[in-house]
Amino acid sequence: GKTDINVIGGGIITTVMGVLGSITLLVFVVGGVMWLTSQGNPDRVQMGSKTMLYAVIGIFIIFASYAILSAVIKGLTTG
């Protein structure tokens, strides 16, 4: 196998980003369920909407950090 530290680090970062993306998707679904089951309660509607908004912001942060880390790792490995 490949034992280069850059390859191992890249694999770990890719795995962590995948796990974070899955957790963010789960939070988005939970927010949607909260919003759908609010039965018109304004507090629950607001809580579900905020949860989904924060999940979308989290997805953008994860994508941006993945792009930055990918560029840094590519720069280190091609060096």
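Described below are features of the structure shown in this document. No experiment lies behind these values; they were computed from the predicted model shown. (Residues numbered from 1 in each chain as written. Predicted model: local features only at pLDDT ≥ 70, side-chain atom pairs only at ≥ 80, totals over all residues. Heavy atoms only, no water.)

**Some details on the overall build of the chain**
And then number 1: Check the secondary structure of the chain and you find two helices and zero strands.
And then number 2: The C-alpha radius of gyration computed for the chain amounts to 18 Å, which surpasses the reference 12 Å derived for 79 residues by more than 25%, pointing to a less compact arrangement than a globule.
And then number 3: Referenced to the eigenvectors of the C-alpha coordinate spread, the extents of the chain come out at roughly 55 × 20 × 10 Å.
And then number 4: A separation threshold of at least 6 residues defines the contact pool for the chain, and within that pool the share at least 24 residues apart is 58%. (Helix = DSSP H or I, 4+ residues; strand = E, 2+ residues; numbered from the N terminus. Rg over C-alpha atoms; globule rule 2.2 N^0.38 Å. Contact = heavy atoms within 4.5 Å.)

**With respect to the side chain of Ser 38**
And then number 1: Here Ser 38 shows up in the loop between helix 1 (5-36) and helix 2 (42-78).
And then number 2: A residue is classified by how much of its surface remains accessible, and Ser 38, at 7% relative accessible area, is buried.
And then number 3: Sequence-distant contacts of Ser 38, that is, excluding residues within four places in its chain, are made with Arg 44 and Val 45. (Buried < 20%, exposed > 50% of the residue type's maximum accessible area, 1.4 Å probe, protein only.)

**Here's the deal with the packing of helix 1 against helix 2**
And then number 1: Packing of helix 1 against helix 2 brings their axes to within 8 Å, and their N-to-C directions diverge by 165°. By the angle between their directions, the pair helix 1 and helix 2 is classed as roughly antiparallel. At the point where helix 1 passes helix 2, the crossing takes the left-handed sense.
And then number 2: In the contact of helix 1 with helix 2, the residues fall into 18 nonpolar, 13 polar and one charged. (Axes fitted to C-alpha atoms, helices over the stretch in contact; angles between N-to-C directions. Parallel < 35°, antiparallel > 145°, perpendicular 65-115°, else oblique. Left-handed = near helix turned anticlockwise from the far one by under 90°. Nonpolar A, V, L, I, M, F, W, Y, C, P; charged D, E, K, R; others polar.)

**Observations regarding a nonpolar patch on the surface**
And then number 1: On the surface, Ile 8, Ile 12, Val 16, Val 19, Leu 20, Ile 23 and Val 27 cluster together into a nonpolar patch covering about 550 Å² of accessible area.
And then number 2: Within the fold, Val 27 resides in helix 1. (Patch = residues over 30% accessible without salt bridge, like charges linked within 9 Å, V, L, I, M, F, W, Y side chains within 5 Å. Areas by Shrake-Rupley, 256 points an atom, 1.4 Å probe, with all protein chains shown as cover. Salt bridge = Lys/Arg side-chain N within 4 Å of Asp/Glu carboxyl O.)

**Points about the environment of Thr 24**
And then number 1: Relative to the elements of secondary structure, Thr 24 occurs in helix 1.
And then number 2: A relative accessible area of 10% places Thr 24 in the buried class.
And then number 3: Spatially, the C-alpha atoms of Thr 24 and Met 52 are 9.4 Å apart, while their sequence positions differ by 28 residues.

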